[in-house]
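Analysis of the macromolecular model
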Amino acid sequence: MATLNPIHTSEQLHAVLDASSDKPVLVFKHSTRCPISARAHQEVENYLRSANDNFEYGIILVVEDRPVSLEAAEVLQVKHESPQVILVKDGSVVWHTSHSDITAGTLQDTLSQV
């Protein structure tokens with residue numbers, strides 16, 4: 001099973017984005033205070049049970065690591081939402097979605113085409 005690697009610092013964020021030149025990276029922005037985000041987190045975890053090893057997976061906790069969450073939105077030029085998934089390849093966003101559109105099926109369908 002693939003795992004979500006925590007992104008707590010600006011340095012970790014930039015390392016993940018740099019690594020996207022080797023493997024696409026899926027970043028999950030998660031609010032630990034939101035029931036919608038809790039459901040999305042479960043969907044991401046369900047997807048990860050059979051996830052492809054050709055990707056890296058990261059998680060930003062938007063409340064606990066707010067500066068990193070805001071920096072990700074700025075650097076990636078994607079309006080901040082939570083919950084949100086952002087797929088980065090070669091340092092650029094190739095897909096993103098949020099809220100109830102985050103499902104194991106959507107992740108499987110989208111990432112299988114990358």
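Structure: see above.
The paragraphs below set out a description of the structure included in this document. (Residues numbered from 1 in each chain as written. Predicted model: local features only at pLDDT ≥ 70, side-chain atom pairs only at ≥ 80, totals over all residues. Heavy atoms only, no water.)

**Thoughts on the overall build of the chain**
The secondary structure content of the chain amounts to 4 helices and 5 strands. Taken over the C-alpha trace, the chain has a radius of gyration of 13 Å; the compact-globule value for 114 residues is 13 Å, and the two agree within 12%. Each of the three principal axes of the chain carries a C-alpha extent, and together these read 35 × 30 × 20 Å. A burial count over the chain gives 45% of its 114 residues as buried. Distance from the positive charge centre (8 side chains) to the negative charge centre (15 side chains) of the chain: 6 Å. (Helix = DSSP H or I, 4+ residues; strand = E, 2+ residues; numbered from the N terminus. Rg over C-alpha atoms; globule rule 2.2 N^0.38 Å. Buried < 20%, exposed > 50% of the residue type's maximum accessible area, 1.4 Å probe, protein only. Lys, Arg positive; Asp, Glu negative; His and termini not counted. Charge placed at Lys NZ, Arg CZ, Asp CG, Glu CD.)

**As for the pattern of salt bridges**
Two side chains with opposite charge may pair up if their charged atoms get near one another. A complete count under the given rule lists 1 salt bridge for this structure. Where Lys23 meets Glu56, a salt bridge forms, and the shortest distance between an N and an O atom there is 3.4 Å. Taken as a pair, Lys23 in the loop between helix 1 (10–19) and strand 2 (25–30) and Glu56 in strand 3 (residues 56–61) lie far apart in primary sequence, 33 residues in all. Judged by its relative accessible area of 31%, Glu56 falls in the partly exposed class. (Salt bridge = Lys/Arg side-chain N within 4 Å of Asp/Glu carboxyl O.)

**Looking at the environment of Gln84**
Assignment of secondary structure puts Gln84 in strand 4 (residues 84–89). On the accessibility criterion, Gln84 (0% relative accessible area) is buried. As a C-alpha pair, Gln84 and His30 span 54 residues in sequence and 7.0 Å in three-dimensional space. A distance of 2.9 Å separates the side chain of Gln84 from the backbone oxygen of Lys79, its partner in a polar contact. Among the polar contacts listed, one links the side chain of Gln84 to the backbone nitrogen of Glu81, at a separation of 3.4 Å. (Polar contact = N/O pair within 3.5 Å; in protein donor to acceptor, adjacent residues only side chain to side chain.)

**A short note on helix 1**
Within helix 1, the full set of buried residues consists of Leu13, Val16 and Leu17. Taken around the axis of helix 1, the buried residues stretch over an arc of 95°, which confines them to a single face. Opposite the packed face of helix 1, turned more than 90 degrees from it, sit the exposed residues Glu11 and Asp18. For helix 1, the secondary structure elements touched by its buried residues are strand 2, strand 3, helix 3 (66–76) and strand 4. (Arc of directions from axis to C-beta. Contact = heavy atoms within 4.5 Å.)

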